[in-house]
Amino acid sequence: MSTHPENIAGSEKEFNFRFRYETLRSLLNKNGSALQILSDLEADLNHMRHYDKRIKRPIQRLITESLLMAQELNLMTGDHYSGLYEVIFQLRNKADRLFADEQPDEDQPLVLRLDDPAAPDPIMVGGKAFGAWRLFKYFKDLVPPGFVVTTAAYNRVIEDNNLHDRIRILLNNLDVTEDQAQFQSRTQTIRRMIREAIVSKEIAKAIKQQAAMFEQAFPDGLWAVRSSAVCEDGSHSFAGQFDSELQIKTENIVTAYLHVLASRFTDRAVRYRIHNNFREVDTPMAVLFMPMVDPSAAGVVYTSDIKDPGSGKMTISAVPGLANRMVKGEMQADTFVVSKRPSPKIVRMMTAAGDIGDSKAVDYIPNEKILEIAEIADRAVDKFGHELDIEWAVDKNGKVRFLQARQLNIPLLDDAAMGQPTVRKDALPIIEGGITIFPGRAEGPVRFLAMGADMADVPEGAIVLVEHPRPELASILPKIAALLVMEGNPVGHLATLVREFSVPCIFRVGKNAKILIEKNIISMNATKRTVYAGIRWPGIRDRVLARIAAGNRHQKKSGPLFDLVLGLNLLDPDASSFKAKYCQSVHDTLRFMHEMSVRSMFGFGDKENRGWHKKSRKLVTGLPIKFQLIDLDRSVPEDVKKVAPENVGSVPFRALWQGISDKRLFWPDRWEKEMRGMPSDFKETVLGGNRGPRRASDKNYAIIAKDYMNLNARFAYHYAMVDAMVGPGTEHNHVHFRFRGGGASDENRKRRARFLERVLREYGFGVDRSEDLVTAWFRRYPQKDSEKVLEFLGRLMVCARQLDAALKSDAAIKLYADYFLNEQFEMFG
């Protein structure tokens, strides 16, 4: 054996590389397992409380995997990230404290009465029943007595009938499906299962015993059975999302109870929870039972005028008989505008037909009763401490009944309504001139953003003033009203993004624009390049805020373990905050360790390139992508001088390449044509940013073995990672995929991520998506299935890179996903 120093050094480098490779392979495999646990936990935490034993075990396993990954990362890097251990230990300690929290008493009541003097827990009785209890407390003579079947009973029904897992499966991925038939079929199945459920003898007996107590006082024996979900009638009203059962005979109340429980899964209720990011576990259903009132008139009172809260008026809507059709919008109401105390009177009346008329035109309820309702509602506001939305009825004996009450949510006033100064139409601008980047008008508070200032502090709807058009300002464009720049060129990267986001903007307003810092509210007309002090155009700011709100609809769920385990805060691997000490969740640690392990592996390859010159082989292909193959087990014959894809004996590589080289795909050189002659650094910044482990000038490595491949590459201005083990068995087979970046705005990159998520889920992948980062996994499938998936991924990577400018709207996501799934690849050309 040769002992020449160069041979010894080469052997040492080969050993180090193989050690790093084996460690990386082990780490990535653990990362895939951890992502699967995270995905399962996200579904579990949507349906279970954090103290459930079915939650505790996978979290403990997840943290153990994280510690093992940290150990392997430190083996690869010479303990460069030893601080990770302390971060993960702290996360484990926080989780242990949450698990140790006092769990609810197993002996929770199944039924509670409204006349119980002790305040009920809203978590037990739901929002509507809690409001009814407060009404009964303050107005005993006006509120019909009743009882509540609690959320503990709901949970018991679900458990006794083994519905928990079935409901979870049926709800899985409904938040991303756009197949309305599938959505409706699943929710309908859940409703049917609940309606057909068996109510335990204990619960049924409790309901019937409570109902029997009211027989003497209410001999008609008819019941109103109403939903009272947790969070209902609060800051989110859930108005009209659930069903009520009216005029129910006593012998049918248990059936009616199940029907109301089933209405928790109406299409509209499920969509409402998805839209508002409610976890399923946060909105269990209680049910309120009240004896029916046989009304001569009924309706709703708003104790404040929504359009003019300071007017001192309230609005009362009324119909003859029951109000159920009125509140559903199926029946027009007569409307009374009534002044509040000290001298309430009817100041205006509009009939159901829309006529402004005399209140005497309504013969089913006298004026005196309208004023009585107004006076009682006014007193209720004093008791509750806020404005109310009250459902009322007048029985055949003329007695006013209040049936339910919830807080009246009044829209926030705009600045004009709050007394901000309004600019006279003939007022002179305080700033004139500059270059219009994108036309339009805007109004809002002015905020000067100095170099290095925290952009997270910029409030929504602000008009931002900066000295220079810095590229990082792109992150605030979705939430600001307008942008003023003292300097800058109209052909810069930021100017391009400003136009894409349609943000009114003026460049080159000059240094004198700093006088705007002294102002509170300003108005700007980017079209005419003018800026005014104060409010100038009523309605403009509302439109701006509506645009911002539309872009921020989907917020991440939160909760004790959501934030600690699932939250992902480290999004940008090139940000200064992308450090171990800033990991706030287990997900953050996984993201960090994956990124750093890949960087370490390929950074080592770059560093040792000279020693590996003979070990890495250039892949020769006619496609516009470049790879250096690092062959670990002679997957490529040594006598092959020019390595073509067909020379590579790696099973996963050949499967992936089969997809990449599909002759039906297009590889347009659009970006290069448009940017021909531009410096490479400019193209890097404008089209791709510096978002990823590889740069345009870096080599793209593919580590290959007969049953393994790790590809970490830059496809134009996109970054892709594929890690795959494919062999005869199933236990170790896996395909892991990660994709990020693109030559487009942040919004378009996010749309591309949603496109990828949709397509990958359709193909059976588990998927995690955050911003424009997509991570997916396909594990423990037979070799043929795994090869088929890799071929699919190859085609997807090529097609996805063509969508930089195509996804201009959310509707385009489904359109292009359908194109791809139907193999209409010409649409990606």
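Remember, it's a predicted structure, so these values are computed and weren't measured experimentally.

Enquirer: What am I meant to see in the pairing of strand 6 (residues 295–302) here?
Expert: The side chains of a regular strand alternate between the sheet's two faces. Extensive coverage of strand 6 is indicated by the burial of six of its eight residues. Relative to strand 10 (residues 388–395), strand 6 runs antiparallel, the two sharing seven bridges. Bridge pairing in strand 10 places A298 opposite A393. Where strand 6 and strand 7 (residues 313–320) come together, six bridges link them in antiparallel fashion. Residue pairing in the sheet places V300 in a bridge with S317 of strand 7.

Enquirer: Just checking my understanding: could you explain the nonpolar core for this structure?
Expert: As a rule of thumb, nonpolar side chains are buried together in soluble globular proteins. Membership of the largest hydrophobic core comes to 87 residues, with the highest contact counts inside it found for F289, W392 and F402. Once residues within four sequence positions are removed from consideration, F402 is found in contact with L135, L142, V143, P144, I373, I376, A377, I390, E391 and W392. Core analysis: the next-biggest nonpolar cluster, separate from the first, contains 55 residues, V640, L711, V798 and I813 among them.

Enquirer: Sorry, what's going on with the packing of helix 7 (residues 180–195) against helix 9 (residues 253–262) here?
Expert: If you want to describe how two helices pack, look at the angle between their axes and the distance between the axes. Helix 9 packs onto helix 7 with a crossing angle of 155° between their chain directions and a minimal axis gap of 8 Å. By the criterion of interaxial angle, the relationship of helix 7 to helix 9 is roughly antiparallel. When you trace helix 7 past helix 9, the crossing you get is right-handed. Between helix 7, through R191, I194 and R195, and helix 9, the contact on the second element is made entirely by L258, H259, L261 and A262.

Enquirer: Please clarify how the sheet that holds strand 7 should be interpreted in this entry.
Expert: For sheets, the rule is that strands pair by backbone hydrogen bonds, running either parallel or antiparallel. Sheet architecture is open: six strands sit in the order 9-8-7-6-10-11, paired in antiparallel fashion. The open sheet has two edge strands, strand 9 (346–350) and strand 11 (400–407), and neither has a second partner. Within the sheet, the average angular offset between the axes of one strand and its neighbour, ignoring direction, is 20°. Relative to strand 9, strand 8 (residues 334–339) runs antiparallel, the two being bridged by four bridges. When the sheet's bridge partners are listed, T335 is paired in strand 9 with M350.

Enquirer: Teacher, can you tell me more about the pairing of strand 7 here?
Expert: Inspection of the sheet shows strand 7 paired to strand 8 by six bridges, in the antiparallel sense. The residue of strand 8 that forms the bridge with A318 is D334.

Enquirer: Looking at this structure, how should I read the confidence of the model for the protein?
Expert: Interpretation of the predicted coordinates at a detailed level should be avoided for regions scoring low in pLDDT. Looking at the protein as a whole, its pLDDT mean stands at 81, while 81% of the residues score no less than 70. Confidence drops under pLDDT 50 across residues 411–424; counting only partners more than four residues distant or on other chains, this segment forms 20 contacts. A low-confidence stretch, residues 678–697 (pLDDT under 50), is modelled with 53 contacts involving residues beyond four sequence positions or located in other chains.

Enquirer: Help me understand the pattern of salt bridges in this model?
Expert: Pairs can form between side chains of opposite charge once their charged atoms are near each other. A complete count under the given rule lists 29 salt bridges for this structure. The shortest N-O distance in the salt bridge between R273 and E280 comes to 3.0 Å. For E280, a relative accessible area of 11% puts it in the buried group. Salt-bridge contacts for D662 lead to R795; the nearest nitrogen and oxygen are separated by 3.8 Å. On the criterion of sequence distance, the pair formed by D662 in the loop between helix 17 (651–660) and helix 18 (670–674) and R795 in helix 21 (residues 783–800) is long-range, its members being 133 residues apart. The two residues D662 and R795 agree in class, both being buried. One network of salt bridges, with partners in common, ties together D662, R664, E791, R795 and E823.

Enquirer: Would you mind showing me how to read the sheet that holds strand 12 (residues 431–432) here?
Expert: Read across the open sheet, the eight strands follow the order 12-19-18-14-15-16-17-13; overall the sheet is mixed. Since the sheet does not close on itself, it has two edges, and those belong to strand 12 and strand 13 (435–438), each with one partner. Pairing of strand 12 with strand 19 (residues 530–533) involves two bridges; the strand directions are antiparallel. Paired with I431 across the strands is V531, a residue of strand 19.

Enquirer: I would appreciate a short explanation of unusual backbone geometry in the present structure.
Expert: What you tend to see is this: most non-glycine residues have negative phi, and most peptide bonds are trans. Although it is not a glycine, N162 sits at a positive phi angle of roughly 55°. A positive phi angle is found at R508, which is not glycine, with a value near 60°. Positionally, R508 belongs in the loop between strand 17 (505–507) and strand 18 (521–525). Residue R508 is classed as partly exposed on the basis of its relative accessible area, which comes to 41%.

Enquirer: Please explain helix 21 as it appears in this structure.
Expert: Since the α-helix advances by 3.6 residues per turn, residues separated by three or four positions end up pointing in the same direction. With 18 residues, helix 21 should cover 26 Å at 1.5 Å per step; its first-to-last C-alpha distance of 25 Å lies within 8% of that length. Burial in helix 21 covers these residues: S786, V789, L790, F792, L793, G794, R795, L796, M797, V798, C799 and A800.

Enquirer: In this structure, what is going on with the environment of V458? I would like to understand it.
Expert: The residue V458 is located in the loop between strand 14 (441–448) and strand 15 (463–466) in this model. On the basis of relative accessible area, V458 is assigned to the buried category, the value being 3%. Other than its neighbours up to four places away in sequence, V458 contacts R447, L449, V464, K479 and I480.

Enquirer: Is there a simple way to explain the packing of aromatic side chains in this structure?
Expert: How two aromatic rings sit relative to each other is given by the distance of their centres and the angle of their planes. All chains considered together, the criterion is met by 21 aromatic pairs. Each ring, one from F147 and one from W223, has its centre 5.7 Å from the other, and the planes form 70°; the classification is edge-to-face. Separated by 76 residues along the polypeptide, F147 in strand 2 (residues 147–149) and W223 in strand 3 (residues 222–229) bring together distant segments of the chain. Across the pair, exposure class does not vary: F147 and W223 are buried alike. Measuring from centroid to centroid gives 4.8 Å for F147 and F289, while their planes differ by 5°, and the two rings are stacked.

Enquirer: Explanation requested: helix 6 (residues 164–171) in the structure shown.
Expert: Among the residues of helix 6, those classed as buried are H164, I167, L170 and L171. Around the axis of helix 6, the buried residues are gathered within 135° of arc, so they sit on the same side. Just beyond helix 6, the residue with positive phi is N173, at close to 65°.

The rules behind these values
Residues numbered from 1 in each chain as written. Predicted model: local features only at pLDDT ≥ 70, side-chain atom pairs only at ≥ 80, totals over all residues. Heavy atoms only, no water. Buried < 20%, exposed > 50% of the residue type's maximum accessible area, 1.4 Å probe, protein only. Helix = DSSP H or I, 4+ residues; strand = E, 2+ residues; numbered from the N terminus. Pairing = 2+ DSSP bridges. Core = buried A, V, L, I, M, F, W, Y, C linked by side-chain atoms within 4.5 Å. Contact = heavy atoms within 4.5 Å. Axes fitted to C-alpha atoms, helices over the stretch in contact; angles between N-to-C directions. Parallel < 35°, antiparallel > 145°, perpendicular 65-115°, else oblique. Left-handed = near helix turned anticlockwise from the far one by under 90°. pLDDT = per-residue confidence, 0-100. Salt bridge = Lys/Arg side-chain N within 4 Å of Asp/Glu carboxyl O. Expected span 1.5 Å × (residues − 1). Phe/Tyr/Trp six-rings, centres within 6.5 Å; stacked < 30°, edge-to-face > 60°. Arc of directions from axis to C-beta.

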